[in-house]
Amino acid sequence: MTLNTFKSVLFSALFLATSFAGYATEDSDNTDNKEFNPKEMILHHVKDAHGFHLWDWNGRSVSLPLPIILWTDNGLSTFMSSAFHHDDSGKTIVEKNGGKFVKFHEKIYQLEAGASSVSFDEEHHPTNAHKPLNFSITRNVFMMWVSVIVLLLIFFAAAKRYKKSDDNVPTGIAGFVEPLVIFVRDEIGKPMIGEHKYKRYMPYLLTIFFFIWINNIFGLIPILNGANLSGNIAFTCTLAVFTFIITTFSGNKNYWKHIFWMPGVPVPMKIFLMPIEIIGMFVKPISLMIRLFANITAGHVIILALMSLIFVFKSVAIAPVSVAFSLFITVIEIIVTAIQAYIFTILSALYFGMATEEEHH
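Residues numbered from 1 in each chain as written. Predicted model: local features only at pLDDT ≥ 70, side-chain atom pairs only at ≥ 80, totals over all residues. Heavy atoms only, no water.

### Here's the deal with the overall build of the protein
Next up, step 1: Summing up its helical and strand segments, the protein has 9 helices and 9 strands in all.
Next up, step 2: Split into buried and exposed, the 361 residues of the protein put 40% on the buried side.
Next up, step 3: Only carbon and sulfur atoms are counted for the fraction: they give 68% of the accessible area of the protein, which is about 20,200 Å². (Helix = DSSP H or I, 4+ residues; strand = E, 2+ residues; numbered from the N terminus. Buried < 20%, exposed > 50% of the residue type's maximum accessible area, 1.4 Å probe, protein only. Areas by Shrake-Rupley, 256 points an atom, 1.4 Å probe, with all protein chains shown as cover.)

Laid out in structure tokens, this is it:
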């Protein structure tokens, strides 16, 4: 191992450990010095939130607040998430536009008229509060906008490089982008869809490949406090729905014939296969949704669980082992970010190819 490699590994390990220490400090602050609960901490950091907790300094939390946008019976109510003072237990009440709001487990509730505090039932659900329509900018939404801006900057910069080049030889950022675009075209688009039909689907395939990949990479940055868009099932569901819509509207006569009246098999078998094929139409996007969500979320859960061992055993001796294994999983996760983008893209292209395939005689 070279000196530079050793420095990189050491820096990554320290960065991972200090970032997780900040996570643990936040968790302990929110639970009033209760016994460390790894399950609560992990679930807290893999789900979406209304702000970025960066680190703690002299007992005070340093964070990036995000806008809270609510539509209530009194109209629009807006304020910053910092108004809750990092309280996620429902104790801090924010009064805006004639309404009282509390934040409980990253969900915003509006107290009923006359209520001075939130009360809970046996299952710890609020009984005197309801959820207003929430259009807030959460950290996942914020990072989605950031990823869009980053992608636009990358591709505009690449296009600018091509315009300045007299012989269309890619240089700078264009030299990084072009091989990836060619890879998606030659290894995904053409083989899965066909030489004559792939071009109309390339904008979508390139978009989802780079969009998923860049968001997966952002999800690995510890200081962003787990702002992982691909680990949100609503995001993966939306992408899967787009794939499903494009597949459905791309289906030709041969595609629908194979779904509703399978050619080349006896009539009783056609009747038997028809409901199976119809179910399969919806199973495909569902599998796309769950695969991306589960694989990305699982990696984050494993890393957080490994680092939790330090606080579960309350021993510094566990730290080297936990950090080493967490760093190893993090390296694997870097590879998985690209693999999952590739799998989602190639399966989408496969479904497009099946929908547009011509009948063979």
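Don't stop here, the text continues.
### Digging into the nonpolar core
Next up, step 1: Val184, Ile193, Leu205, Phe210, Ile212 and Phe344 are the most contacted members of the largest nonpolar core, which totals 38 residues.
Next up, step 2: Breaking this core down by element, the ones donating at least two residues are α3 (139-164), α4 (173-193), α5 (202-218), α6 (233-250), α8 (267-313) and α9 (319-356).
Next up, step 3: Looking at which element gives the most residues to this core, the answer is α5, with 12 residues.
Next up, step 4: When neighbours within four sequence positions are excluded, Val184 is seen to be in contact with Gly189, Met202, Leu205, Leu206 and Phe209. (Core = buried A, V, L, I, M, F, W, Y, C linked by side-chain atoms within 4.5 Å. Contact = heavy atoms within 4.5 Å.)

### Concerning the side chain of Glu106
Next up, step 1: Secondary-structure assignment places Glu106 in the loop between β6 (99-104) and β7 (107-111).
Next up, step 2: A polar contact of 3.1 Å, which involves the side chain of Glu106, links it to the backbone nitrogen of His50.
Next up, step 3: Discounting residues that sit within four places of it in the chain, Glu106 has contacts with His44, Lys47, Asp48, Ala49, His50 and Asp88. (Polar contact = N/O pair within 3.5 Å; in protein donor to acceptor, adjacent residues only side chain to side chain.)

### Focus: a nonpolar patch on the surface
Next up, step 1: On the surface, Trp71, Leu76, Leu133 and Phe135 cluster together into a nonpolar patch covering about 450 Å² of accessible area.
Next up, step 2: Summarising the element assignment, Leu133 is placed in strand β9 (residues 133-134). (Patch = residues over 30% accessible without salt bridge, like charges linked within 9 Å, V, L, I, M, F, W, Y side chains within 5 Å. Salt bridge = Lys/Arg side-chain N within 4 Å of Asp/Glu carboxyl O.)

### Focus on helix α7 (residues 253-260)
Next up, step 1: Asn254, Tyr255 and Ile259 are the residues of α7 that are buried. All buried residues of α7 fall inside an arc of 135° around its axis, so they share one side.
Next up, step 2: One side-chain oxygen of the residue at the start of α7 lies 3.3 Å from the amide nitrogen of Asn254, identifying that residue as Asn252. (Arc of directions from axis to C-beta.)

### Examining the pattern of salt bridges
Next up, step 1: For the structure shown, the criterion picks out 3 salt bridges.
Next up, step 2: In this structure, Lys190 and Asp186 form a salt bridge, with 3.6 Å as the shortest nitrogen-oxygen distance. On the criterion of helical spacing, the pair formed by Lys190 and Asp186 is a turn pair, its members being 4 residues apart in helix α4.
Next up, step 3: Taking relative accessible area as the criterion, Lys190 reaches 22% and is therefore assigned partly exposed.
Next up, step 4: With relative accessibility at 27%, the residue Asp186 sits in the partly exposed group.
Next up, step 5: Each member of the salt-bridge network shares a partner with another, and the members are Arg185, Asp186 and Lys190.

### Let's talk about the pairing of strand β4 (residues 75-80)
If a strand is regular, its side chains alternate between the two faces of the sheet.
Next up, step 1: Here strand β3 (residues 67-72) pairs with β4 via 6 bridges, running antiparallel. The partner of Ile69 across the bridge, within β4, is Thr78.
Next up, step 2: Where β3 folds back on β4, the antiparallel hairpin that results is connected by 2 residues. (Pairing = 2+ DSSP bridges.)

### A word on the environment of Ser147
Next up, step 1: By secondary structure assignment, the location of Ser147 is in helix α3.
Next up, step 2: Take Ser147: its relative accessible area is 0%, and that puts it in the buried class.
Next up, step 3: In this structure the C-alpha to C-alpha distance between Ser147 and Ile214, which are 67 residues apart in sequence, comes to 6.5 Å.
Next up, step 4: Sequence-distant contacts of Ser147, that is, excluding residues within four places in its chain, are made with Phe211, Ile214, Asn215 and Phe218.

### Overview of unusual backbone geometry
Next up, step 1: Its identity is not glycine, yet Asn97 carries a phi of approximately 50°, on the positive side.
Next up, step 2: Turning to its location among the elements, Asn97 is positioned in the loop between β5 (94-96) and β6.
Next up, step 3: Residue Asn97 is classed as partly exposed on the basis of its relative accessible area of 41%.

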